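Analysis of the macromolecular model
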Amino acid sequence: DVDLFDADFFQITPREAAFVDPQQRLVMEVAWEALEDAGLSQQALEATRTGVYIGQWTSDYESRMFQALADPNLYITTGGGRYATGARLSYALNLQGPCMTLDTACSSSLVAVHLARQSLQLGECDLAVVGGVNLILQPQITQAYSKARILSPRGRCRFADAGADGYVRSEGCAVIIMRRSDDARTSGDRIHALVIGGAVNNDGRQGLFVAPSPEGQEALLRQAMASAQIGPQDIDYFEAHGTGTAVGDPVELQALGEVLGRHRPSERPLLVGSAKTCIGHTEAASGLAGGSGVVCGGLT
């Protein structure tokens, strides 16, 4: 039912709504629910420096519209372009802080968290709506990944399993509300989790273009711990990227063993898991989907 949408609720005309990517629709709906969960109303946020940071990778709906419509119009571009997803929410709620849609593939929603945290620290915004979304509305990516044997032919994600044979594409949307911890405490907010550090890097040419390298993973872990001012001994659980692929999982686990497992006492093992074994790989939303699942499960 991704085509069903209460456009009037967000003051979008029926004519324009027909061209709005369902991913934009989902982000608006889930963001509204997240704000309700945070006890925040639209009226309280209107014209405030509230930032919007959304991770999105696919543009399947835009491709479908271009293929189906012989006479393109402006609504196709504003409704289908990735750039518009964050802006759609800012416009609907009259938010006047930084606004962006990020595409860094599978890390999109985690990079969104990272940039939102930096904006809050720099005072660029006082509140941030941070999310990720993924809907599969065209078959081409799935077909290409199947041919490349990236996807599991059994349709099961088996992270860190000897029987791992690929990942499973799935869909979802996750949105969290972030603000500076002092402000949250002063406001009496219900705090689900603290983001105490973060890091972003790239492997450069250390490995294959489509595969991670142990060196890059290790460097990122060390940078993140330095940012958070913690050490390996402070970490009890690690939510892995954990795609269930024969290439990615060993690299990630090798890096974890090197950085977090070395010299670790046997009576205090590092627990490692991945939400993808339960819900599949939500791609642009996967970072937040995994992190949110950990928080809700009480592991952090």
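Look above for the structure.
An account of the accompanying structure is given in this report. Everything quoted here is computed from the prediction, not taken from an experiment.

A cluster of nonpolar residues, Ile191, Leu194 and Ile196, forms a patch on the protein surface that exposes about 270 Å² of accessible area. Inspection of the secondary structure assignment puts leucine 194 in the loop between helix H9 (181-186) and helix H10 (214-228).

As a further point, take the packing of aromatic side chains. A complete count under the given rule lists seven aromatic pairs for this structure. Consider the rings of phenylalanine 9 and phenylalanine 10, whose centres lie 5.0 Å apart with planes at 85°: the pair is edge-to-face. Ring geometry for phenylalanine 9 and tryptophan 32: centres 4.7 Å apart, planes at 75°, overall edge-to-face. Of this pair, phenylalanine 9 sits in the segment before helix H1 (14-17) while tryptophan 32 sits in helix H2 (residues 22-37); the two residues are 23 residues apart in sequence, bridging distant segments of the chain. What links up through ring pairs into an aromatic cluster is the set Phe5, Phe9, Phe10 and Trp32.

Here we take up the packing of H10 against helix H11 (residues 248-261). Interaxial distance between H10 and H11 falls to 9 Å at its minimum, and their mutual angle equals 45°. Of the possible angle classes, the one that applies to H10 and H11 is oblique. The crossing of H10 and H11 is right-handed. The segment H10 lies against H11, with Pro214, Gln217, Glu218, Leu221, Arg222 and Met225 engaging Val251, Glu252, Gln254, Ala255, Leu256, Glu258, Val259 and Leu260. The class makeup of the residues in the contact of H10 with H11 is eight nonpolar, two polar and four charged.

Within the secondary structure, serine 170 is located in the loop between helix H8 (140-147) and strand E4 (172-178). A relative accessible area of 11% means that serine 170 is categorised as buried.

Moving on, we come to the sheet that holds E4. The strand order across the open sheet built from four strands is E2-E1-E3-E4, with neighbouring strands paired in mixed fashion. At either margin of the open sheet sits one strand with a lone partner, and together these are strand E2 (99-102) and E4. Put simply, the sheet's adjacent strands are angled 15° from each other on average, direction ignored. Bridge count between strand E1 (residues 50-56) and strand E3 (residues 127-134): seven bridges; the pairing is parallel. Looking across to E3, one finds that threonine 50 is bridged to leucine 127. Where helix H6 (residues 83-93) meets the sheet, it contacts E1, E2 and E3, and its direction lies at approximately 145° from that of E2. Lying over the sheet, helix H7 (residues 108-122) contacts E1, E2, E3 and E4, oriented at roughly 170° with respect to E3.

Here is what the cut-offs are and how they apply
- Residues numbered from 1 in each chain as written.
- Predicted model: local features only at pLDDT ≥ 70, side-chain atom pairs only at ≥ 80, totals over all residues.
- Heavy atoms only, no water.
- Patch = residues over 30% accessible without salt bridge, like charges linked within 9 Å, V, L, I, M, F, W, Y side chains within 5 Å.
- Areas by Shrake-Rupley, 256 points an atom, 1.4 Å probe, with all protein chains shown as cover.
- Salt bridge = Lys/Arg side-chain N within 4 Å of Asp/Glu carboxyl O.
- Helix = DSSP H or I, 4+ residues; strand = E, 2+ residues; numbered from the N terminus.
- Phe/Tyr/Trp six-rings, centres within 6.5 Å; stacked < 30°, edge-to-face > 60°.
- Axes fitted to C-alpha atoms, helices over the stretch in contact; angles between N-to-C directions.
- Parallel < 35°, antiparallel > 145°, perpendicular 65-115°, else oblique.
- Left-handed = near helix turned anticlockwise from the far one by under 90°.
- Contact = heavy atoms within 4.5 Å.
- Nonpolar A, V, L, I, M, F, W, Y, C, P; charged D, E, K, R; others polar.
- Buried < 20%, exposed > 50% of the residue type's maximum accessible area, 1.4 Å probe, protein only.
- Pairing = 2+ DSSP bridges.

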